[in-house]
Amino acid sequence: MAGCSLEGIRIAFISDLKLGGVFTAMRRYMAVLIEMGAGVTLISMNADGVNRDNVPVGVKVVPISFNTEYRAYLTECDCHASPYRRLAYKFLKRFGLPCRNSYPDLYEYALKGFDLDFYEPFDAVFDFLGYGNITTAIGAVLSAKYRATWVHDEDVLCFSKAITYAHYYDDIFCVSKTVQEAYALEYGSLSEKAIVLYNQLDFEDMRLRSEKPTVFPRRQGVSRLLSVGRLAEQKGFDFAVRVASLLKGKGLVFEWLIAGDGPLRGELEKLIEAKGVSDCVQLVGRIDNACAEMSAADLIVQPSRHEGFGITAIEAVAARTPVVASDIGPFREINAAGANMHLVPLVDSALASAVEEELSLTGNRVSGFLNAAIIGIDSVEVLATRLLAALKR
């Protein structure tokens, strides 16, 4: 890549090898930084995760090394609070009542057992997992001249878990304008550090992958819907199941594949059974090539409660497949860049109507083009420039 050389610069990413969209974005950053001459280390909470074989060539993968009893809890905790906990937090804060968070104390204790001597000094540390996880605390104590952390979701309350350590970071990268605005509103004292940095995505590679064959054979005369993402509250797949029930009640013939793994699989299986849609809704687990499956589908449905960016929506555009999605900030940003998704309020009836309308447009495909800024065409250059400026100080 033209512009910057990072020859000899040592960079550490801190994340894990499980999360889909976060890993996709991180992989692209690591690959391009290596092309620019940097030495890249991935310090991972689970060095043998499902994405281990997808780590770019040249990246050194090492585990997070703890020697305290809290390690298992800290590395497995869900970064997002439940909807009820978020409402309670907002209520307490609104009225100035105590809402003490125990995570800073827990992180401080865990860091006492963090094997700091296990790691070499770095020029830069990128807490790519962010979200207020223990990785933010780890990045604050690793030896480095420049530190950056990422905020991947507009639900920024989880960042409060590591707010004590945010002050050690030079930059706080928000993956969309929606995220930056939410972050600045919630954490005003740190708002000057919050910068929009869209994830750099390989759109051409997504196009090529969309041309690969599907692994799920199509049924003659049956419309195919597809939803992709972690089986978690954030993604709103409970809406998908209820919408499927409404569509089935209207006599529509379809199959709806929900691709992904996560903590709500059991609950979704029960809901599918309770709604009587086990004949048309399938939880197919994690898929290796989402773009190919999107290309094979008639419609993508993403009923997210909240997002940071929405890489799935970008993949759908690359596959030229129409999308029905919830009307939330990050999806509106992608639409403004040319995606032309059908955005509706997150209500069962509205989603069902939009899906029915889109399925009636036989053979409908989208243009497959986006404004380059939304896929972070300059993001690595921006990151490298800020890093080099910090090293000169």
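Basis of the calculations
- Residues numbered from 1 in each chain as written.
- Predicted model: local features only at pLDDT ≥ 70, side-chain atom pairs only at ≥ 80, totals over all residues.
- Heavy atoms only, no water.
- Salt bridge = Lys/Arg side-chain N within 4 Å of Asp/Glu carboxyl O.
- Helix = DSSP H or I, 4+ residues; strand = E, 2+ residues; numbered from the N terminus.
- Buried < 20%, exposed > 50% of the residue type's maximum accessible area, 1.4 Å probe, protein only.
- Expected span 1.5 Å × (residues − 1).
- Arc of directions from axis to C-beta.
- Contact = heavy atoms within 4.5 Å.

**Student:** Requested: an account of the pattern of salt bridges, with residues and values cited.
**Tutor:** The final tally for this structure, using the stated rule, is 19 salt bridges. A salt bridge links E233 to R305, with the shortest nitrogen-to-oxygen separation between them at 3.7 Å. With E233 in the loop between β8 (223–228) and α9 (237–249) and R305 in the loop between β11 (299–302) and α12 (311–318), this residue pair connects regions lying 72 residues apart in the sequence. With relative accessibility at 28%, the residue R305 sits in the partly exposed group. R332 is the partner of D327 in a salt bridge, and the nearest nitrogen-oxygen pair spans 2.9 Å. For D327, a relative accessible area of 37% translates into the label partly exposed. Judged by relative accessible area, which is 45%, R332 ranks as partly exposed. Among the ionic contacts, a cluster of salt bridges with common partners joins E233, D238, R242, R305 and D348.

**Student:** How would you sum up helix α14 (residues 348–360)? Please name residues and give values.
**Tutor:** Helix length check: α14 (13 residues) gives 18 Å between terminal C-alpha atoms against 18 Å at 1.5 Å per residue, within 8%. Taken together, the buried positions of α14 are L351, A352, A354, V355, E358 and L359. The buried side chains of α14 occupy one side of the element, clustering within an arc of 165° when seen end-on. Buried residues along α14 sit against β8, α9, β11, β12 (323–326) and β13 (342–344).

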